[in-house]
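Architecture at a glance
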Amino acid sequence: MTQGNGTREGGVLADVSALGPGGHAVVVGGGLAGVTTALALADAGVRVTLLEGRPRLGGLAFSFQRGDLTVDNGQHVYLRCCTAYRWFLDRIGGAALAPVQNRLDVPVVDLARPEGNRLGRLRRDALPVPLHLGRSLAAYPHLSLAERASVGRAALALKGLDLADPALDTQDFGSWLTAHGQSARAVEALWDLVGVATLNAVAGDASLGLAAMVFKTGLLSDPGAADIGWARVPLGELHDRLARKALDSAGVRTEVRTRVTSVSVNENGGWSVQVPGETLEADAVVLAVPQREAYDLLPDGALDAPDDLLRIGTAPILNIHVVYDRKVLAAPFLTALGTPVQWVFDRTEASGLKEGQYLALSQSTAQNEIDEPVAALRERYLPELERLLPRTRGAEVKDFFVTRERTATFAPAPGVGRLRPGARTKAPGLYLAGAWTATGWPATMESAVRSGVGAAAAALGTPGRSRGLLPDFFEEAA
Ligand SMILES: Cc1cc2nc3c(=O)[nH]c(=O)nc-3n(C[C@H](O)[C@H](O)[C@H](O)COP(=O)(O)OP(=O)(O)OC[C@H]3O[C@@H](n4cnc5c(N)ncnc54)[C@H](O)[C@@H]3O)c2cc1C
């Protein structure tokens, strides 16, 4: 048996046949990518062991207890067009707990406008694309008439972009918007409103390829594509408890609190996976860990340019949690302009709070605030909430805390596309998964699930052997 990282002993490049029923696969990492890989492989008849370093499954999308409150580390939403994540919810029996709204409807409050006249809405009609958004855009009060017309023209130009063109990834979205007549105001009040939340970058910092992917798929593919879904229960209920139940029923051996320290080729040309106190032997290994950890675990020669993994940047998301003694927000969520507050979600029911209301502020692109002390954030955000939600003015703040995710997503910067590896490595039987791999999607739950199915397909030897064994959406994505 070979030991340690970075070894090519035992012939990393030896030929290992595709994983078949009865073969053993070890999946490292129990985030959405790893759980998906494990389920997809087990469903195809493979014996699977899933190893997760933390005490729970769910990776970057999890819950924890704070007294009686069940808190998500960060508000998560998905869109109707996220076919892979929706498959995942179905597969774990959680779809009814995270439904999609009937029709896209986002209240947008602009605090720079006079009180009483601040509310705009982004919603859709039951008309074909792109007319489904036409009426809402025509009535959107936060842009001038000329800006609204120019947004329509830019949307059509975006629809015409070819997502398969690698040149798109070399440009930034902000410059493209400017070149297509978008004012700074149109970028702030419309493009960034959607782009910051989905990409975790402002337009000027985002790859045109990823931005075009998000806007084309979400807003310009199907009338219902951008309808928003979110969990009405804590994320842990879905990504940990129900995921664990599905894994157990599929026969996956799941070990939490089990950190993998090395992966190496064994003398039979298979794989040895080292965890404290045990070495697991496997026919195939899927590394479904963040890019930095994948870099550390990859044996030499597994990727042509392993250092590319370290060049994929990361971006933070901050969530600010406020519990009031009374109801202060009637809508399930809203978004705001003219204030540092980005998106506000009502978390009361999901958290189990019995009295008052619990709001979570989801703050993307939080580079400037991620390390600020709680007191400073409290001083900034409570007055902003008073401006935004008049009913907070007489309300008592029962609790105020923050959750900080410094590496919430990979940075969707121009050029990131060529740094993201696919599922296959040069080492036979060793595969990669994770939202950061080459799925074409930004760092989302959708990307994580897609990558997991992609890794399972690669391990099973697509297209031949996995045909009929993988979820339907995969054919469409392949
Ligand atoms: C605050 C926040 C808000 C977000 N909002 C949204 C949103 O609204 N919509 C959306 O779609 N996405 C959102 N995302 C992104 C989404 O959560 C991630 O893209 C997705 O969960 C990533 O899943 P993953 O499986 O690829 O990686 P991860 O979740 O990072 O999972 C990797 C797992 O590997 C484990 N691991 C690492 N090293 C080892 C080792 N050596 N041995 C064993 N295990 C190991 C880790 O503990 C982890 O559990 C958000 C993320 C955050 C943090």
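So, here's what we can say about the structure.

Conventions adopted
- Residues numbered from 1 in each chain as written.
- Predicted model: local features only at pLDDT ≥ 70, side-chain atom pairs only at ≥ 80, totals over all residues.
- Heavy atoms only, no water.
- Helix = DSSP H or I, 4+ residues; strand = E, 2+ residues; numbered from the N terminus.
- Core = buried A, V, L, I, M, F, W, Y, C linked by side-chain atoms within 4.5 Å.
- Buried < 20%, exposed > 50% of the residue type's maximum accessible area, 1.4 Å probe, protein only.
- Contact = heavy atoms within 4.5 Å.
- Axes fitted to C-alpha atoms, helices over the stretch in contact; angles between N-to-C directions.
- Parallel < 35°, antiparallel > 145°, perpendicular 65-115°, else oblique.
- Nonpolar A, V, L, I, M, F, W, Y, C, P; charged D, E, K, R; others polar.
- Phe/Tyr/Trp six-rings, centres within 6.5 Å; stacked < 30°, edge-to-face > 60°.
- Lys NZ or Arg CZ within 6 Å of the ring centre and 35° of its normal.

As a further point, take unusual backbone geometry. Following Val129, the chain continues into Pro130 via a peptide bond in cis, with omega recorded as 0 degrees. Mapping Pro130 onto the fold places it in the loop between strand E7 (119–123) and helix H3 (134–138). The phi dihedral of Arg257 is positive, around 55 degrees, even though this residue is not glycine. Here the phi dihedral of Thr365 falls at roughly 40 degrees; this positive angle occurs in a residue that is not glycine. Here Thr365 lies in the loop between strand E17 (357–363) and helix H12 (374–388).

Our focus in this paragraph is the nonpolar core. Proteins that are soluble and globular tend to have nonpolar side chains buried together. Leu41, Tyr85, Phe173, Trp191 and Leu287 are the most contacted members of the largest nonpolar core, which totals 128 residues. Of all the elements, helix H13 (residues 445–460) adds the most residues to this core, at 10 residues. If we skip the residues at most four places from it in the chain, Phe173 touches Leu158, Trp191, Ala203, Ala206, Ser207, Leu208, Ala211 and Phe215. Of all hydrophobic cores here, the second largest spans 25 residues; its members include Val109, Val341, Leu361 and Leu389.

Geometrically, a packed helix pair is captured by the angle between its two axes and the distance between the axes. Across the interface, helix H2 (residues 83–91) lies against H13 with an axial gap of 7 Å and an inter-helix angle of 75 degrees. As far as their axial angle goes, H13 and H2 are roughly perpendicular. For the pair formed by H2 and H13, the contact residues are Thr83, Ala84, Tyr85, Trp87 and Phe88 on the first element and Met445, Glu446, Val449, Arg450 and Val453 on the second. Grouping the constituent residues of the contact of H2 with H13 by class yields seven nonpolar, one polar and two charged.

Next up on the list: the packing of aromatic side chains. Taken as a whole and judged by the stated rule, the model has 12 aromatic pairs. With a centroid separation of 6.1 Å and an interplanar angle of 15 degrees, the aromatic rings of Tyr85 and Phe88 are classed as stacked. With Tyr85 and Phe88 both in helix H2 and three residues apart, the pair spans about one turn of that helix. Relative to Phe215, the ring of Trp191 lies with its centre 5.1 Å away and its plane at 65 degrees, an arrangement referred to as edge-to-face. Placement of Trp191 in helix H6 (residues 184–199) and of Phe215 in helix H7 (residues 208–219) is noted, with a sequence separation of 24 residues between them. Pair check on accessibility: Trp191 and Phe215 agree, each one buried. The ring of Phe62 carries the charged tip of Arg56 above its face, separated from the ring centre by 3.6 Å. Over the aromatic face of Phe401 sits the side chain of Arg66, whose NZ or CZ is 4.0 Å from the ring centroid.

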